[in-house]
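Fold and contact review
For reference, the chains in residue letters:
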Amino acid sequence: MKRLIATCFGLGWMPLAPGSWGSLPPVGIFIVLCLLPIPLWAMGAVMAGFVVLASILCVKLAPVSIAATGREDPGEVVLDEVAGQFLTYLVCVAFAMDRFSLYQTLVTAGVGFFLFRLNDTLKPWPACRFEKLPAGWGILCDDLAAGVYAAIELAIVLKLWIVA
């Protein structure tokens, strides 16, 4: 059961690009949150809650997958992607997402997904150094750093293009 949760209910076992599969649930939840008639603070609270929950579960459950696979950063653990992708979208609360059209919401979701996956793959400094942290922390922290980079880039895109 612990490995099933660490893989985001099997998404980490998908044959190609498990990290991208693990990033998809936050994309869908982000879109739904943007379309619901809820206050921005509630949208931000839900996304922040997912960042915290996925982070805690990643650190707690990743050692089970590490032991089962013998790898320090098993690709099947995708809760780190869940946390990092939600962290990317947190910046959107500052841009009044509740007033965005469906088109703007979908574009923002797509751009945020692309930017997070790019930063997670490239692991620009110092994200790459976080991989050396022990067990679940190393798995998680490089993705949180990628989420921060992607959030900054997404904020620039939103400011210059979507909400200009």
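Let me sum up the structure you'll find in this document. None of the values given here were measured: they were computed from a predicted structure. (Residues numbered from 1 in each chain as written. Predicted model: local features only at pLDDT ≥ 70, side-chain atom pairs only at ≥ 80, totals over all residues. Heavy atoms only, no water.)

1. Here we look at the overall build of the protein chain
Within the protein chain one finds seven helices and zero strands. Along the chain direction, N to C, the helices and strands of the protein chain fall in the order α-α-α-α-α-α-α. Scaling as 2.2 N^0.38, a compact globule of 164 residues should have a C-alpha radius of gyration of about 15 Å, and the protein chain matches this with 15 Å. C-alpha atoms of the protein chain, sized along the principal axes, occupy 50 × 30 × 25 Å. With 164 residues in all, the protein chain has 48% of them scored as buried. Of the contacts made within the protein chain by residues no fewer than 6 positions apart, 76% connect residues no fewer than 24 positions apart. (Helix = DSSP H or I, 4+ residues; strand = E, 2+ residues; numbered from the N terminus. Rg over C-alpha atoms; globule rule 2.2 N^0.38 Å. Buried < 20%, exposed > 50% of the residue type's maximum accessible area, 1.4 Å probe, protein only. Contact = heavy atoms within 4.5 Å.)

2. What about helix α4 (residues 79-90)?
Given a rise of 1.5 Å per residue, 12 residues ought to cover 16 Å, and the 17 Å separating the end C-alpha atoms of α4 matches this to within 8%. The element α4 is extensively covered by neighbouring structure, given that 11 of its 12 residues are classed as buried. Buried residues of α4: Leu79, Asp80, Glu81, Val82, Ala83, Gly84, Gln85, Phe86, Leu87, Thr88 and Tyr89, and no others. (Expected span 1.5 Å × (residues − 1).)

3. A look at the nonpolar core
In this structure, Phe30, Met43, Met47, Tyr89, Val91, Cys92 and Leu154 are the most contacted members of the largest nonpolar core, which totals 39 residues. Mapped by element, the contributors of at least two residues to this core are α2 (18-35), α3 (40-69), α4, α5 (102-122) and α7 (135-162). The dominant element in this core, judged by the number of residues it contributes, is α3, at 10 residues. Leaving out residues up to four positions away in the same chain, Met47 has contacts with Phe30, Leu33, Phe86, Tyr89, Leu90 and Val93. (Core = buried A, V, L, I, M, F, W, Y, C linked by side-chain atoms within 4.5 Å.)

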